Amino acid sequence: MKKSLVLCAGVCVALSFTSCKSNESAYKKMYDKAQAKHEQPATQPVQEQAPVVAPLVEKPANQATVIDNSDNVAVRSEDFTLVSGSGLSNFSVVVGSFSVKANAEGLQSQLNNAGKNAQIVYNAERGLYRVVAATFATKSEAASSRDQLIGQYPGAWLLYKK
């Protein structure tokens with residue numbers, strides 16, 4: 001009985017080793033086949049298409065003079081209320097936005113000490129206090145002022161009340 005058990009175990013071990021060997025060779029064959037396929041040059045050459053270029057059409061130049069490019073300046077339109085200051089005109093230059101009123105008041109006092117007539121407006125929809133450095137009747141004046149302030153306040157922008 002012991003002999004048959006030992007014999008059976010030996011046969012099982014021998015079969016398992018031979019089956020591993022055959023699997024190893026099968027894997028090796030697949031690897032070699034894939035490697036050979038990878039090393040072969042592509043059979044179809046890649047064709048590049050030339051870009052399509054439209055022909056030039058000459059047209060006469062029209063006489064147009066640009067007088068003022070201020071209409072190309074972006075303006076945000078918001079609904080707000082004046083919190084502090086003497087009153088706003090149509091277009092205002094905003095140099096800071098804060099969720100805390102004390103921070104807006106700090107920037108307002110800095111601007112007032114620098115000779116500006118700074119004001120604070122509150123946008124209830126966004127919950128932000130906007131600090132206005134200057135206010136103007138026309139968009140071009142406001143754009144010019146914003147361009148001067150943008151060196152000190154890089155995020156300066158124009159505001160128009162809805």
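The preceding data block contains the structure.
Residues numbered from 1 in each chain as written. Predicted model: local features only at pLDDT ≥ 70, side-chain atom pairs only at ≥ 80, totals over all residues. Heavy atoms only, no water.

Visitor: Give a description of the nonpolar core that names residues and reports values.
Guide: Of all hydrophobic cores here, the largest spans 18 residues; its most connected members are Val93, Val95, Leu111 and Tyr153. Broken down by secondary-structure element, the contributors of at least two residues to this core are strand S3 (91-98), helix H2 (101-113), strand S5 (128-136) and helix H3 (139-149). Leaving out residues up to four positions away in the same chain, Leu111 has contacts with Val95, Lys116, Ala118, Val131, Ala133 and Tyr153. Membership of the second largest hydrophobic core comes to six residues, among which are Phe80, Val94, Val132 and Trp157. (Core = buried A, V, L, I, M, F, W, Y, C linked by side-chain atoms within 4.5 Å. Buried < 20%, exposed > 50% of the residue type's maximum accessible area, 1.4 Å probe, protein only. Helix = DSSP H or I, 4+ residues; strand = E, 2+ residues; numbered from the N terminus. Contact = heavy atoms within 4.5 Å.)

Visitor: Can you explain the sheet that holds S5? Please cite residues and give values.
Guide: Sheets are built from strands that pair by backbone hydrogen bonding, the pairs being arranged parallel or antiparallel. Ordered in space as S1-S6-S3-S5-S4-S2, the six strands form an open sheet in which the pairing is mixed. Whereas interior strands pair on both sides, the edge strands pair on one side only; in this sheet they are strand S1 (75-78) and strand S2 (81-84). Across the sheet, the mean angle from the axis of one strand to that of its neighbour is 45°, orientation sign disregarded. Pairing of S3 with S5, which is carried by seven bridges, proceeds in the antiparallel orientation. What sits directly across from Gly96, in S5, is Val131. Sitting on the sheet, H2 touches S2, S3, strand S4 (119-123) and S5, and the angle it makes with S5 is about 25°. Strands in contact with H3 are S1, S3, S5 and strand S6 (157-161); relative to S3, the strand with the most contacts, it is inclined by about 40°. (Pairing = 2+ DSSP bridges. Axes fitted to C-alpha atoms, helices over the stretch in contact; angles between N-to-C directions.)

Visitor: Tell me about the pattern of salt bridges, and name the residues and values.
Guide: When their charged atoms lie close together, side chains carrying opposite charge are able to pair. Summed over the entire model, instances satisfying the criterion amount to four salt bridges. The partner of Arg130 in a salt bridge is Glu78, with the nearest N and O atoms 2.7 Å apart. Remark: Glu78 occurs in strand S1 and Arg130 occurs in strand S5; sequence separation between them is 52 residues. For Arg130, a relative accessible area of 3% translates into the label buried. Looking at Glu78, the relative accessible area reads 5%, which means it is buried. (Salt bridge = Lys/Arg side-chain N within 4 Å of Asp/Glu carboxyl O.)

Visitor: Go over the pairing of S6 with me, naming the residues and quoting the values.
Guide: For a regular strand, side-chain orientation follows a simple rule: the groups alternate between the two sheet faces. By the bridge criterion, four bridges tie S1 to S6 in an arrangement that is parallel. Of the residues in S6, the one forming a bridge with Glu78 is Lys161. Relative to S6, S3 is paired through four bridges, and the arrangement is antiparallel. Bridge pairing in S6 links Phe91 to Tyr160.

Visitor: Break down the side chain of Ser145 for me, with residues and values.
Guide: Secondary-structure assignment places Ser145 in helix H3. Excluding its chain neighbours within four sequence positions, the residues that come into contact with Ser145 are Val93, Ala134 and Phe136.

Visitor: Which residues make up the packing of aromatic side chains, and what values go with them?
Guide: All chains considered together, the criterion is met by two aromatic pairs. Consider the rings of Phe91 and Tyr160, whose centres lie 5.1 Å apart with planes at 40°: the pair is tilted. One end of the pair, Phe91, is in strand S3; the other, Tyr160, is in strand S6, and 69 residues separate them in sequence. By relative accessible area, which is 15% here, Phe91 ends up buried. (Phe/Tyr/Trp six-rings, centres within 6.5 Å; stacked < 30°, edge-to-face > 60°.)

Nothing here speaks to function; it is all geometry.
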